[in-house]
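# Overview (structure and organization)
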Amino acid sequence: QVQLVESGGGLVQAGGSRRLSCVASGFIFSINTMGWYRQAPGKPHEWVADITGGGSTNHADSVKGRFTISRDNAKNTVYLQMNSLKPEDTAVYYCNYRQTMTRNYWGQGTQVTVSS
């Protein structure tokens, strides 16, 4: 079955950096688009970035220039490098695999807290 396991969250000071990882299993990772989403307290789920199997990326305007999504197909892992972190980046970050238009898989989430 599909499994997504995130890691790398924690407490970081504003202006700092953090790298999140998501190890995937149960499907052919290398050909599928993977994404990162986040949810802050009291706010809706927000798309952060995605990356195709071929490595093409898209980033939300709110993180563009600060966050970078990447992948290592040999390790079935997608990363989110977060630089210049701001308190408003505080959220639970989720790895996503969209199998079909109506079928999504999510990891358990990893908390990132940015202190001012």
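Structure: above.
Residues numbered from 1 in each chain as written. Predicted model: local features only at pLDDT ≥ 70, side-chain atom pairs only at ≥ 80, totals over all residues. Heavy atoms only, no water.

This part covers the side chain of His59. Mapped onto the fold, His59 is located in strand S6 (residues 57-59). Looking at His59, the relative accessible area reads 16%, which means it is buried. A polar side-chain atom of His59 sits 3.0 Å from the main-chain amide nitrogen of Ile69. Those residues in contact with His59, other than ones at most four positions away along the chain, are Trp47, Val48, Ala49, Lys64, Phe67, Thr68 and Ile69. (Helix = DSSP H or I, 4+ residues; strand = E, 2+ residues; numbered from the N terminus. Buried < 20%, exposed > 50% of the residue type's maximum accessible area, 1.4 Å probe, protein only. Polar contact = N/O pair within 3.5 Å; in protein donor to acceptor, adjacent residues only side chain to side chain. Contact = heavy atoms within 4.5 Å.)

On to the state of the cysteines, then. Across all of its chains, the model carries 1 disulfide by this definition. Linked covalently through their sulfurs, Cys22 and Cys95 form a disulfide whose S-S length is 2.1 Å. Between Cys22 and Cys95 the sulfur-sulfur dihedral comes to about -80°; the bridge is accordingly left-handed. In this pair, Cys22 is assigned in strand S3 (residues 18-25) and Cys95 in strand S9 (residues 91-100), connecting sequence segments 73 residues apart. Accessibility classification places Cys22 together with Cys95 in one group, the buried group. (Disulfide = S-S within 2.5 Å.)

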